[in-house]
Amino acid sequence: DGATAVAAEIPALKSAREHLTHAKDAWNKFASGNPPSLLAFRDSAVALKDSAVQLANADLSSLAGEVAGIAAWLASNREKMSEAVALEVATALLLVENALAGFERLSGEFAQQAELLRSRLEDCMLGKLRRTAPEIPLLDSMARKAQERLLPNQVVSEMQANLRTIEQVLDAFFRDPAKRGELASLDVPMRQLLGALEMLGEQRARDTLNVACEEIRRFSSADRS
């Protein structure tokens, strides 16, 4: 319609959409295990923030600013990257994408969504990671899309790495019970697996893994023959 055509002609809006495309691409690559893409994401996030400011929507510019903020934070704290951070940033980018696609129709609902995600990004930088998706219905849907984009690469590969570690330690123990002490090292990868399954909502798999955890704890007991 006419409003859409006018919005599409706003230079800052076109620029913001282009920078968002670059930011999403760089983030997906970084979250999938390509460290150099973090700097590309940081640069695109800054450019996105600058374009958003020109659009004179306080909620959009504030959210874009928070995305740029977490990009800078990660550039200095790469070891803080996690599945939870990956999900929050990807969901924020999807919300920005949704806002830019319907810029001329932004409502008070968007303001609420933007504030929620902005606070969640701040929590990431404060170390207050949440393993559950945002509770606003639209964001629940968007979080699932974010998961679909990230999980095939990042989370699944990390889960597979943890499973390989667990299998190797268990195999070594069953071949040589004298290596019983090494079973204690499985606590960390098992907890990471349980956390990933919780984030995915895979309760049946989580229940099964909990049973396996109990079995491993029994094997690690000194009086287990």
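Fair warning: this is a prediction, and the values are worked out from it, not measured in the lab.

(A) Structural detail: the environment of Glu-83. Of note, Glu-83 is situated in helix H5 (residues 83–101). In this structure Glu-83 comes out as buried when scored by relative accessible area, which is 13%. Spatially, the C-alpha atom of Glu-83 lies 9.2 Å from that of Glu-158, the residues being 75 residues apart in sequence.

(B) Fine view of the nonpolar core. Ranked by internal contacts, the top residues of the largest apolar core, which has 41 residues, are Trp-27, Phe-41, Leu-60 and Leu-100. Put simply, the parts of the chain that give this core at least two residues each are helix H2 (11–31), helix H3 (37–54), helix H4 (58–76), H5 and helix H6 (108–125). When residues in this core are grouped by element, the largest group, 10 residues, is from H5. Judged by nonpolar contacts, the second largest core, of 17 residues, contains Leu-183, Leu-209, Ile-216 and Phe-219.

(C) Geometry of the pattern of salt bridges. Taken as a whole and judged by the stated rule, the model has 12 salt bridges. Connected through salt bridges with shared partners, the residues Glu-66, Glu-115, Arg-118 and Glu-122 form a single ionic network.

(D) Structural view of the packing of H4 against H6. Look at H4 against H6: their axes get within 9 Å of each other, and the N-to-C directions meet at 15°. As judged from the angle between their axes, H4 and H6 are roughly parallel. The crossing of H4 and H6 is left-handed. Where H4 abuts H6, its residues Asp-59, Leu-60, Ser-62, Leu-63, Glu-66, Val-67, Gly-69, Ile-70 and Trp-73 lie against Phe-110, Ala-111, Ala-114, Leu-117, Arg-118, Leu-121, Glu-122, Cys-124 and Met-125. Of the residues that constitute the contact of H4 with H6, the class distribution is 12 nonpolar, 2 polar and 4 charged.

Calculation notes
- Residues numbered from 1 in each chain as written.
- Predicted model: local features only at pLDDT ≥ 70, side-chain atom pairs only at ≥ 80, totals over all residues.
- Heavy atoms only, no water.
- Helix = DSSP H or I, 4+ residues; strand = E, 2+ residues; numbered from the N terminus.
- Buried < 20%, exposed > 50% of the residue type's maximum accessible area, 1.4 Å probe, protein only.
- Core = buried A, V, L, I, M, F, W, Y, C linked by side-chain atoms within 4.5 Å.
- Salt bridge = Lys/Arg side-chain N within 4 Å of Asp/Glu carboxyl O.
- Axes fitted to C-alpha atoms, helices over the stretch in contact; angles between N-to-C directions.
- Parallel < 35°, antiparallel > 145°, perpendicular 65-115°, else oblique.
- Left-handed = near helix turned anticlockwise from the far one by under 90°.
- Contact = heavy atoms within 4.5 Å.
- Nonpolar A, V, L, I, M, F, W, Y, C, P; charged D, E, K, R; others polar.

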